[in-house]
Amino acid sequence: KANAELWRQPCPPNSPSTAMSIPFSLSEAGFEGSRSLVSGLHNVALQTDNGGRAPTSSSDDSDGADVVEQRPQFSPSAMAYPSPPHMHGPIVAVSCYTCFADLAHGPRGVEAQRSFWTFRLNLNDGTLTLLSAVPKGFAHNPAFTRCHPSLNVVYSCTESVRHEGQVLALQLDSRSGELTELCPPVSAGGWSTCYLTIHKSARRLLLVNYWDSTICTLELLPSGKLGRRLCVYDPKGGRTMKASADRHVNHSMNDERAQAERQSDPHSHAIVLEPSAGTIAYVPDLGMDVIRQFHFDEETGVVTPCGVIRSGVKRAGRGLGPRYLIFAKALPTCYVVNELSSQVGVFTYDAGVAASIESAWAGAGSVEAKQAAVCAAAEPTLTLVQTVATIPDAFPVEMNTCGRITIHPSGDFVVTSNRGHDSVCVHRVHRDSTPPGLLSLAGIFHTRGETPRHFQFDPSGQWLLVANQDSNTCAVFAFNTATGCVTYTGNTYKVPSPNFVSVRA
């Protein structure tokens, strides 16, 4: 319309026919789908008559003169301009808490009305462009997200101590960033679902429910849709929980009273498969200060207990609270973050013991016989060799709880988040140490926000994106892959109560 108005502007009276310069906008509806044709075009000269009107057709011979239609000519260079930055680069999906009342912990931010937001990451400068937000009421407290290894499908789970958890399968549009429901949600078989793992075959999805500590296996279909529930395992053996969903301490706190109640019941916080064959599963139990070891049978989805491993060394009688664990890249080493003690435990991994457990399962007949054989062969596959702190020595440990732990894409650094100290702690991985994979501190860096519940690297490892839950922000940092130094880029984005960041290349 703006261009049409320019066309109607008259030329000065008695002036000869003149060329009018018309600016074109690439965002106008008339040019949708033709961006490549007019990319780089700034002005197009259109021949006009004395009244400033563009000629309509050669049949208009009221003035007796032949009128020739002028068509704009484009040079090849007009199509050589790159697409806008928000059209390429990884998509960043951020999930948010929508209802604080039915969480075990106590966020202090703003409840989100829209539970998922997607952004495009500019790999040149670390800026984010907001692409989409799901409709209001789309999902209730999505708290953990996992991307399918080969499909544009994102899985998430809902967190509530009052309602049974659900697993969501969402289709991700790689162009627009839109998230839509791929299939109906599936029950998680427990309460306060907090972690998802996809087996390397992409046929099974394993999950844990924090509140009642149950472990569940779901079927994944080739389309990425969720199938049936295959297995549920309860570490409590059916015993009633001591804590009540209607009345409990704030699980964000770390004083003696909060620790005592949090550790009166088992609380499964993650399930991680050893990376080679995927036959041994590890479940950090925050309530019992142990890592539960299981044999996992991919075909049936059954988990069989085959050992318990202490997650660290207690100090001053305080609990450890194992939260997450992750395996080193190309090293027989595993790292466990202890939420309550603000420590990382370094463990060696014994692949020979894991192979013996798998052989015991394969060599037996019935499922009952297999489970008995695994129990008989059970030995710990992890051995603690080092413990390092994630906060400065003089900072009160009761003022902090650890959040996420991960390995940098290079494999050279272990990074942990501190909620309370509001920082990320970077440790260097020493591949040539004895045993390999021991850690030394590279630095502790403020996250420019409160309660960094989660963070994520982009695939290149040069950008670190942090979800600061209680300040309602996501901040972007540059990561120095040589030194482990974390530098704030100045890019911070308002997102209500962000709790998880996933990056899809």
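Summary of the structure given here. (Residues numbered from 1 in each chain as written. Predicted model: local features only at pLDDT ≥ 70, side-chain atom pairs only at ≥ 80, totals over all residues. Heavy atoms only, no water.)

## Digging into the layout of surface pockets
- Its volume calculated, the largest pocket comes out at about 1300 Å³.
- Forming the walls of the largest pocket are 39 residues, and the residues nearest its centre are Arg146, Ile326, Arg404, Thr406 and Gln456.
- The set of elements that each furnish at least two residues to the lining of the largest pocket consists of strand E6 (142-147), strand E10 (193-198), strand E14 (272-273), strand E18 (322-327), strand E22 (401-407), strand E26 (452-457) and strand E30 (498-504).
- Class assignment of the residues belonging to the lining of the largest pocket gives a composition of 22 nonpolar, 10 polar and seven charged.
- The computed volume of the second largest pocket comes to approximately 520 Å³.
- In this structure, the second largest pocket is lined by 36 residues; those nearest its centre are His105, His251, Ser252, Thr401 and Arg419.
- Looking at the lining of the second largest pocket, the elements that each hand over two or more residues are E6, E18, E26 and E30.
- In terms of residue class, the lining of the second largest pocket is built from nine nonpolar, 15 polar and 12 charged. (1 Å grid on protein atoms, 1.4 Å probe; cavity = no way out; pocket = protein on both sides within 12 Å on 5 of 7 lines; lining within 4 Å. Points joined across faces, edges and corners; volume = space filled by probe spheres on them. Helix = DSSP H or I, 4+ residues; strand = E, 2+ residues; numbered from the N terminus. Nonpolar A, V, L, I, M, F, W, Y, C, P; charged D, E, K, R; others polar.)

## Looking at the sheet that holds strand E8 (residues 164-172)
- An order of E6-E7-E8-E9 is seen for the four strands of this open sheet, with the pairing classed as antiparallel. Pairing within the sheet leaves two strands with one partner each, and these edge strands are E6 and strand E9 (179-191). This sheet shows a mean twist of 20° between the axes of neighbouring strands, independent of strand direction. (Pairing = 2+ DSSP bridges. Axes fitted to C-alpha atoms, helices over the stretch in contact; angles between N-to-C directions.)

## Some words on the pairing of strand E5 (residues 128-133)
- In the sheet, strand E4 (residues 116-121) pairs with E5 via five bridges, with the strands oriented antiparallel. Paired with Thr118 across the strands is Ser132, a residue of E5.

## Describing the packing of helix H4 (residues 351-363) against helix H5 (residues 367-377)
- Contact geometry of H4 with H5 gives a least axis separation of 8 Å together with a crossing angle of 155°. Comparing the axis directions of H4 and H5 gives the class roughly antiparallel. With respect to the hand of their crossing, H4 and H5 are arranged in right-handed fashion. Residue-level inspection shows Ser356, Ile357, Ala360, Trp361 and Ala362 of H4 in contact with H5, the latter providing Lys370, Gln371, Ala373, Val374 and Ala377.
- Residues belonging to the contact of H4 with H5 are distributed by class as follows: seven nonpolar, two polar and one charged. (Parallel < 35°, antiparallel > 145°, perpendicular 65-115°, else oblique. Left-handed = near helix turned anticlockwise from the far one by under 90°. Contact = heavy atoms within 4.5 Å.)

## Thoughts on the side chain of Asn468
- On the secondary structure map, Asn468 appears in strand E27 (residues 463-468).
- For Asn468, a relative accessible area of 0% gives the class buried.
- A distance of 3.0 Å separates the side chain of Asn468 from the side chain of Thr447, its partner in a polar contact.
- If sequence neighbours within four positions are ignored, Asn468 has contacts with Thr447, Arg448, Gly449, Glu450, Thr451, Pro452, Thr473, Ala475 and Pro498. (Buried < 20%, exposed > 50% of the residue type's maximum accessible area, 1.4 Å probe, protein only. Polar contact = N/O pair within 3.5 Å; in protein donor to acceptor, adjacent residues only side chain to side chain.)

## Looking at the sheet that holds strand E17 (residues 303-310)
- Within the open sheet, the four strands sit side by side as E14-E15-E16-E17. Their pairing is antiparallel. Strands at the two margins of the open sheet, each flanked by one partner only, are E14 and E17.
- Pairing between strand E15 (residues 280-285) and strand E16 (residues 290-296): six bridges, direction antiparallel. Residue pairing for E16: Val283 is matched across the bridge by Arg292.
- Sitting on the sheet, H4 is in contact with E15, E16 and E17, with an inclination near 45° to E16.
- On the sheet, H5 packs against E16 and E17 and is oriented at approximately 15° with respect to E17.

## A short note on the pattern of salt bridges
- Enumeration over the complete set of coordinates arrives at 13 salt bridges.
- Between Arg203 and Glu298 there is a salt bridge, with the nearest N and O atoms lying 2.8 Å from each other. Of the two residues, Arg203 sits in the loop between E10 and strand E11 (204-209) while Glu298 sits in the loop between E16 and E17, which places them 95 residues apart along the sequence.
- Where Arg203 meets Glu299, a salt bridge forms, and the shortest distance between an N and an O atom there is 3.9 Å. On the criterion of sequence distance, the pair formed by Arg203 in the loop between E10 and E11 and Glu299 in the loop between E16 and E17 is long-range, its members being 96 residues apart.
- Glu299 gets classed as exposed once you look at its relative accessible area, which sits at 54%.
- One salt-bridge network, held together by shared partners, links Arg262, Arg323, Glu339 and Arg419. (Salt bridge = Lys/Arg side-chain N within 4 Å of Asp/Glu carboxyl O.)

## Observations concerning the environment of Thr487
- Within the secondary structure layout, Thr487 lies in strand E29 (residues 486-494).
- Every residue in contact with Thr487, bar those within four places of it in the chain, is listed here: Phe477 and Ala478.

## Structural notes on the side chain of Asp212
- With respect to the helices and strands, the residue Asp212 is situated in the loop between E11 and strand E12 (215-220).
- Salt bridges are absent for the buried Asp212, whose nearest opposite-charge side chain, Lys236, sits at 5.1 Å.
- Reaching out from Asp212, the side chain makes a polar contact with the side chain of Thr214 at a distance of 3.0 Å.
- Ignoring anything within four residues of it in the chain, the contact list for Asp212 reads Gly189, Gly190, Trp191, Asp234, Lys236 and Met241. (Lys, Arg positive; Asp, Glu negative; His and termini not counted.)

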